[in-house]
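# Geometric and topological summary
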Amino acid sequence: MASKPGGRPKPPPEQQWEELLTFQHFQKTSLSRHNYGYAQGSMRTLTESEFSRLRGITYLDHAGTTLYPQSQLTRFMDDLTKNIYGNPHSQHISSKLTYDTTEHVRYRVLEHFNTTSEDYSVIFTSGSTAALKLVAEAFPWSSASSENGGSRFCYLSDSHTSVVGIRKIAEAMQVSSVFVKPEDILLSEKSNGAVYEPDCKTPHLFCYPAQSNFSGTKYPLSWIEMLKSGRLSPMTTPGEWFVLLDAASYVSTSPLDLTIHPADFIVISFYKIFGFPTGLGALLVNNRVTHFLQKTYFGGGTAAAYLAGEDFYVPRKSISERFEDGTISFLDIIALKHGFDILERLTGGMENIKQHTFALAQYTYTVLVALQYPNGAPVIQVYSDTEFNSPETQGPIINFNVLDDSGDIVGYSQVEKMASLHNIHVRTGCFCNTGACQRHLNISNETIKKNLQAGHICGDDIDLIDGHPTGSVRISFGYMSTFEDAQTFLKFIITTRLGKADSKLPFQVTPGETAAVTGESVVQDVWVNKHETGKLSQEDILLQVELNKSSMTMKDVDFHPLETKPGGGLQIPSLTSATALDGQLPKFIITNIYIYPIKSCASLEVTKWPIGNQGLLYDRNWMIVNHNGVCLSQKQEPRLCLIKPLIDLHRKTLVITAEGMEPIDVPLDENNEKEYQICQSKVCADRVNTYDCGEKISDWLSKFFGRHCRLIKQSSNFKRRANKKHTKDPSHVTTTSLSLVNEAQYLLINRASILELHQLLNESDENGTKELLPMKELIERFRANIVINGTQAFEEEKWEEISIGTLNFLVLGPCHRCQMICIDQKTGQRNQDVFQTLSASRERKVNFGIYLMHEPSDLSSSCFISVGSQLLPVLKDTENYSLQSS
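What comes next concerns the included structure. Bear in mind the structure is a predicted one, so any value in this text is a computation, not a measurement.

Each helix and strand in the protein chain was counted, giving 24 helices and 40 strands. Among the 886 residues that make up the protein chain, the fraction classed as buried is 55%. The long-range share in the protein chain, meaning contacts at least 24 apart out of those at least 6 apart in sequence, stands at 73%. Accessible surface, the protein chain: about 39,100 Å² in total, of which carbon and sulfur atoms supply 50%.

It is worth spelling out the packing of aromatic side chains at this point. Tallied over the entire structure, the rule returns 35 aromatic pairs. Seen in terms of ring centroids, F242 and F292 are 4.9 Å apart; in terms of plane orientation they differ by 70 degrees. Their pairing is edge-to-face. Linking F242 in strand 6 (residues 240-246) with F292 in the loop between strand 8 (281-286) and strand 9 (303-306), this pair joins segments that are 50 residues apart in sequence. Of the aromatic side chains, those joined through ring pairs into one cluster are F139, W141, F153, Y155, F242 and F292. Seen from the ring of F323, K295 lies directly overhead, with NZ or CZ sitting 5.9 Å from the centre. If you follow K713 out to its NZ or CZ, it ends over the ring of W622, 5.1 Å from the centre.

Across the five residues of strand 18 (residues 472-476), five count as buried, placing the element largely inside the fold. Of the pairings in the sheet, the one linking strand 12 (residues 397-403) to strand 18 comprises four bridges and is antiparallel in character. By the bridge assignment, I397 is partnered in strand 18 with S476. Relative to strand 18, strand 15 (residues 427-429) is paired through three bridges, and the arrangement is antiparallel. Bridge pairing in strand 18 links T428 to V473.

Within the structure shown, the criterion is met by one disulfide. Here C430 is linked by a disulfide to C437, with a sulfur-sulfur distance of 2.1 Å. Measuring the twist about the S-S bond at about -50 degrees, one finds the C430-C437 disulfide to be left-handed. No disulfide involves C641; its sulfur sits 8.6 Å from the nearest other cysteine sulfur, which is in C601. The buried category is assigned to C641, whose relative accessible area is 1%.

This part is about the packing of helix 4 (residues 70-82) against helix 13 (residues 330-347). Pairs of packed helices are described in terms of their axes, by the angle between the two and the distance that separates them. Across the interface, helix 4 lies against helix 13 with an axial gap of 9 Å and an inter-helix angle of 140 degrees. Here helix 13 runs oblique to helix 4, going by the angle between their axes. Like other packed secondary-structure pairs, helix 4 and helix 13 cross with a definite hand, here right-handed. When helix 4 is examined against helix 13, the residues S71, Q72, R75, F76, D79 and L80 are found in contact with a partner set consisting of L331, I334, A335, H338, G339, I342 and R345.

The strands making up a sheet associate through hydrogen bonds between their backbones, and the pairing can be parallel or antiparallel. Taking strand neighbours across the sheet as the criterion, the three strands line up as 26-27-28 in an open arrangement whose pairing is antiparallel. Two strands bound the open sheet, and with one partner strand each, they are strand 26 (644-648) and strand 28 (664-667). Each strand of the sheet is rotated relative to its neighbour by a mean of 30 degrees, with strand direction disregarded. Both strand 26 and strand 27 (residues 653-657) contribute to a ladder of five bridges, which runs antiparallel. When the sheet's bridge partners are listed, L646 is paired in strand 27 with V655.

Here the focus is the sheet that holds strand 8. The mixed open sheet is built from seven strands, whose spatial order is 2-8-7-6-5-3-4. With one partner strand each, in any of the chains shown, strand 2 (120-125) and strand 4 (176-180) form the two edges of the open sheet. When strand polarity is set aside, the average angle formed by the axes of neighbouring strands in this sheet is 20 degrees. Where strand 3 (residues 152-156) meets strand 4, five bridges bridge the pair, whose relative direction is parallel.

Once that is clear, we can look at the pairing of strand 2. Within strand 2, six of the six residues are buried, leaving the element largely enclosed by the surrounding structure. In strand 2, alternate side chains face the same way, and those of Y120, V122 and F124 on one face and S121, I123 and T125 on the other are all buried. Sheet topology note: the strand 2/strand 8 ladder contains six bridges and is antiparallel. Counterpart to Y120 in the pairing with strand 8 is N286.

So, about helix 5 (residues 93-112). The end-to-end C-alpha separation of helix 5 is 29 Å, in line with the 28 Å expected for 20 residues at 1.5 Å each. Looking at the buried residues of helix 5, the elements they touch are strand 2, strand 7 (265-269), strand 8, helix 12 (319-323) and helix 13. Following helix 5 by one or two positions, N114 has its phi on the positive side, about 55 degrees.

Another point: the packing of helix 15 (residues 412-421) against helix 24 (residues 833-841). Packing of helix 15 against helix 24 brings their axes to within 10 Å, and their N-to-C directions diverge by 160 degrees. Judged on the interaxial angle alone, helix 24 and helix 15 are roughly antiparallel. Handedness of the crossing formed by helix 15 with helix 24: left-handed. Touching Q414, K417, M418 and L421 of helix 15 are F835, Q836 and S839, all from helix 24. When its residues are assigned to classes, the contact of helix 15 with helix 24 shows three nonpolar, three polar and one charged.

Turning our attention to the side chain of S162. Relative to the helices and strands, S162 resides in helix 7 (residues 161-164). Separated by 2.8 Å, the side chains of S162 and T129 make a polar contact. Contact partners of S162, with chain neighbours within four places excluded, come to T129 and L132.

Here we come to the environment of A752. Of note, A752 is situated in helix 22 (residues 751-763). With a relative accessible area of 1%, A752 lands in the buried category. Residues A752 and Q792 lie 40 residues apart in sequence; the distance between their C-alpha atoms is 5.6 Å. Beyond its immediate chain neighbours, meaning those up to four positions away, A752 contacts G790, T791, Q792 and A793.

A few words now on the nonpolar core. The biggest cluster of nonpolar side chains holds 76 residues, and the ones touching the most others in it are F400, F489, I493 and F782. At nine residues, helix 14 (residues 350-370) tops the list of elements feeding residues into this core. Every residue in contact with F400, bar those within four places of it in the chain, is listed here: I380, Q381, V382, Y383, S472, V473, I475 and F489. L46, A263, F270 and F340 belong to the second-largest nonpolar core, a separate cluster that totals 62 residues.

Right, let's talk about the pattern of salt bridges for a bit. Summed over the entire model, instances satisfying the criterion amount to 28 salt bridges. Note that K82 is salt-bridged to D78, the shortest N-O span being 3.2 Å. Of this pair, K82 and D78 both sit in helix 4, four residues apart, roughly one helical turn. You can call K82 exposed: its relative accessible area is 62%. By relative accessible area, which is 35% here, D78 ends up partly exposed. The closest approach of N and O atoms between R106 and E103, which form a salt bridge, is 2.8 Å. Linking R106 with E103, this pair stays in helix 5, spanning three residues, or about one helical turn. E103 sits in the buried class, given a relative accessible area of 19%. Here the salt bridges share partners, and the residues they tie into one network are E103, R106 and E324.

Reading the values: the criteria
Residues numbered from 1 in each chain as written. Predicted model: local features only at pLDDT ≥ 70, side-chain atom pairs only at ≥ 80, totals over all residues. Heavy atoms only, no water. Helix = DSSP H or I, 4+ residues; strand = E, 2+ residues; numbered from the N terminus. Buried < 20%, exposed > 50% of the residue type's maximum accessible area, 1.4 Å probe, protein only. Contact = heavy atoms within 4.5 Å. Areas by Shrake-Rupley, 256 points an atom, 1.4 Å probe, with all protein chains shown as cover. Phe/Tyr/Trp six-rings, centres within 6.5 Å; stacked < 30°, edge-to-face > 60°. Lys NZ or Arg CZ within 6 Å of the ring centre and 35° of its normal. Pairing = 2+ DSSP bridges. Disulfide = S-S within 2.5 Å. Axes fitted to C-alpha atoms, helices over the stretch in contact; angles between N-to-C directions. Parallel < 35°, antiparallel > 145°, perpendicular 65-115°, else oblique. Left-handed = near helix turned anticlockwise from the far one by under 90°. Expected span 1.5 Å × (residues − 1). Nonpolar A, V, L, I, M, F, W, Y, C, P; charged D, E, K, R; others polar. Polar contact = N/O pair within 3.5 Å; in protein donor to acceptor, adjacent residues only side chain to side chain. Core = buried A, V, L, I, M, F, W, Y, C linked by side-chain atoms within 4.5 Å. Salt bridge = Lys/Arg side-chain N within 4 Å of Asp/Glu carboxyl O.

Set out below in C-alpha cells:
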C-alpha cells in the first residue's frame with residue numbers, strides 16, 4: 001500500500017489524549033518481544049551520561065545521521081594523545097602501528113556482520129556513495145553485440161540518488177539501465193518468473209536497498225539467494241545476476257548476517273551507525289567475485305610496481321590495497337574501533353537496537369494514525385508499505401504529511417519550522433529518493449519536470465505547488481532515542497493540530513479583509529537616537545555628514561512632517577476606510593524606519609536616514625560568527641536580540657551595548673582595512689568578503705554569549721550581487737549590491753496586516769481578556785526596515801513598484817517567514833503562537849511583508865527616507881495608486 005491517511009473510525013476524545021501519551025499506553029502498544037531500553041542500564045542514565053548535549057532537544061533525524069556518545073570521543077581522543085600513528089605506507093614503528101590497527105579494524109567490521117576475511121574483503125571509501133561508484137566503475141559490463149543483448153543494470157525504484165546515478169556509468173559502457181518497482185519484484189517472486197539459462201554468463205547487476213531510507217520498509221534479504229540461484233530475476237533477460245546491496249540505512253539499527261545473506265557487494269556508511277566519524281564508508285566484497293573487478297586508474301599505495309616512462313603496471317594482490325587509492329583516512333578508521341566497543345557496551349548489540357527503535361516507531365505510528373479531527377478527518381497521512389507489525393519488515397522510520405481538517409496537505413516546510421520552535425529536529429523533502437517520493441505521493445514524471453520549471457529543486461523549501469506536495473516529513477529513531485522523544489513529538493502534533501479543536505479558532509478571519517483601524521490604534525512613538533552628541537540631533541548630524549561629502553550633492557526627498565498630538569508624540573492619519581474622505585485614493589505614510597547594523601541583533605529606530613548603495617546606510621553591515629566562522633542568527637542564538645547597536649555618526653563609531661556589559665565602540669568604516677584580517681564567509685549561500693573587527697570586540701561578545709564569537713564586517717570594496725530569481729530585469733543583477741541581508745535591500749511591512757494578525761492573536765486567547773502581544777512588540781518581531789500605515793491587510797503583496805518622493809523601488813515579492821518571528825525581541829524568549837496563527841490565517845503560506853530593491857539610477861546623489869514621507873504604489877496590473885493630478 002502506498003499511503004495510509006489515518007486508520008480508526010472514531011477519533012479518541014480529548015480526555016484520552018493524555019492516556020495515549022502515557023508510558024503505560026506505550027507498553028501496551030509495544031509487543032512484549034519488542035523490548036524498550038537495554039539491560040546495560042536505564043535510558044535516562046544513558047542519555048544523561050552520553051548525550052547530555054541533547055537536553056531540551058528532541059532529535060528525530062537518525063536516518064540522516066545518528067549521534068555519537070561522549071565516551072566514544074573521550075576514548076578516541078585518549079587514544080590519539082597516547083599513541084603516535086604514522087602514514088601506513090611508511091615502514092617505521094608508528095606507521096606499523098597504524099597499519100596493524102587498521103587491519104584489526106577490518107576484522108572488526110567483518111565480525112560485526114558475522115563474517116570473516118576468508119569470505120569478504122573490506123575496502124574503505126569516503127562513504128556509501130563512493131562505494132557504489134566504485135562498483136559501477138569496476139563491474140565487468142558487457143556491451144551489446146550481435147551475439148547477446150549485453151549487460152543490464154537494474155535497480156529498485158525505491159533507491160537512493162547515489163544508486164540511480166550508476167546508470168550514467170552504465171550508459172557510458174553502452175549498457176541499458178532498468179528500474180523495477182517493488183511490487184513487480186514481489187510479483188516475480190510469487191510467480192517464479194525467472195529466466196534461468198546456466199550456459200549464459202552475461203553479467204548483470206541488480207541493486208536494491210535492504211531498507212528504504214524514505215519509508216523504512218525492509219525489503220527481503222532472501223532476494224539475494226534467490227537472484228544468485230536463478231529462482232528470481234528482476235527482468236526476463238538471460239545471464240548471471242550479481243547483487244549490490246545498499247545497506248547504509250539498514251545497518252544503522254539492524255544486524256546484518258552475511259553468512260545467511262551473502263550478497264556480492266555491500267555498501268555501508270559508518271556515521272549512520274556511530275555518528276562519528278563522518279566521511280567514511282566501506283564496500284564489502286564477496287571474495288568469490290573479487291577476481292573479475294576491473295580497475296583502470298591506480299593511485300598511491302595500490303601498485304606492486306610500475307614504470308613512469310612505459311605502460312607497465314602491476315597491482316597489489318590484496319583487493320583492499322588495490323582499490324584504496326592514496327592514503328586512507330587512517331585516524332577515522334581507528335575511531336571505528338572505539339565506535340564498535342562503545343556501541344556494544346551501551347546496548348549489548350544490534351539486535352537490541354533493532355527491538356528498541358522499532359518499539360518507539362511502532363508506538364508513534366499507532367498514535368499518529370489514531371489522530372482525527374472532530375469531523376473525522378485524519379490528521380496524518382503516513383507513507384508506508386507495512387502496518388508496523390514487525391521489525392523484520394519495517395525499520396524505525398515514519399514518513400508522513402500533516403493534513404488539515406479538509407484533507408489538504410500542510411506543506412512540509414511549515415511543519416519543519418513549527419517543529420523547530422519546539423526544538424524538534426525532523427527531516428523534510430524527498431530524502432534523495434525521488435522514486436519512492438513519486439510512488440508514495442503520486443507525483444508523475446511530468447509533474448517533476450513542471451516543478452523544476454516552477455523553480456523547485458531537490459533540497460529547497462518549496463513544499464507545495466498548485467496545492468500538491470513536493471515532498472514529506474520524516475522522523476526516525478536511533479539507539480539513544482527515548483519514549484520521551486516520541487511523547488514530545490506526539491504532543492507537538494496534537495497541540496498544533498488539535499489543541500484548539502474545542503475553542504474558537506483564530507483561523508476564520510478572511511485574509512485581506514479591510515481592517516477598521518482608528519488613528520489611535522496605530523499610533524506609535526517615533527524617537528531619534530542620541531548618543532552623547534551634544535545638542536546636535538541625529539538628522540543634523542546626517543545632513544552635516546552627507547553635505548561634507550564633496551563628491552555628492554544634496555537631493556531632498558518628499559517629506560511630510562506628522563502633526564504633533566496635544567499630549568505629545570506624533571499623530572498618524574486616521575485609516576477608517578480604504579478610500580480617503582475627499583474621494584481620492586488613499587495616502588500611504590511611512591510610520592517607522594528601522595536599521596539593523598548587526599545582522600540578527602536589535603534594531604535601531606530612526607526618523608530620517610540616508611540611502612546607501614546597498615540599502616539603508618549601515619543596515620546589516622556587520623554579523624556575529626561562531627568559532628568556525630559561521631554566521632549566527634536568532635534561530636540558533638535568540639540572545640542576539642539583546643545586543644543593541646547604536647550608530648554615532650558624529651564620532652563615526654558603532655556603539656554596542658548589552659545588559660550587564662560595558663558599552664564598546666567599533667569604527668564605522670575600515671579606513672585601515674589592510675590592518676585587519678580579511679576572510680570569506682557565507683550569507684544565504686552567497687560568498688562575501690569580510691574583515692575581522694578585532695580581539696577586543698571578540699572578547700566582549702564571547703563573554704556575553706559564553707562561547708567564542710567574533711564580529712566581522714562586509715568589506716567596502718566587495719560587491720554582493722542580488723539573486724537573479726528576485727528580479728525580472730537581468731541588468732539589475734549586475735548593478736544592485738546587497739549587504740549581509742538574507743534576500744533583498746529592504747523589507748516593508750504594513751500596519752494593517754500587523755493589526756489583523758494582532759486581532760487574531762487576541763481572539764486565540766480563550767478568555768479574550770489578555771492582550772498577547774502589544775502592537776509595538778509585534779512590529780519588532782518582523783524586523784522590517786520600513787513600516788507604513790496601509791488600509792487593507794496584505795494589500796502590499798499586490799504592488800509591483802513603489803515610490804517615496806524621487807526614489808523608486810521594485811517589489812521583489814513576499815517575505816517567506818521563519819521561526820524568528822516567534823522570538824520576543826526584548827527578551828529573546830520564544831512563543832510559538834505568532835507563527836502558528838499567521839500560518840493558519842494565511843492558508844499555510846507564511847508570508848508577511850514584501851522585499852524591495854531601489855533602482856540603481858536613483859543613487860547618483862545623496863538621498864534620505866523619512867518618517868512621514870508619502871509612499872505611492874503601483875499595482876501589479878499597472879493600475880496606479882497615485883493621487884489624481886487634477
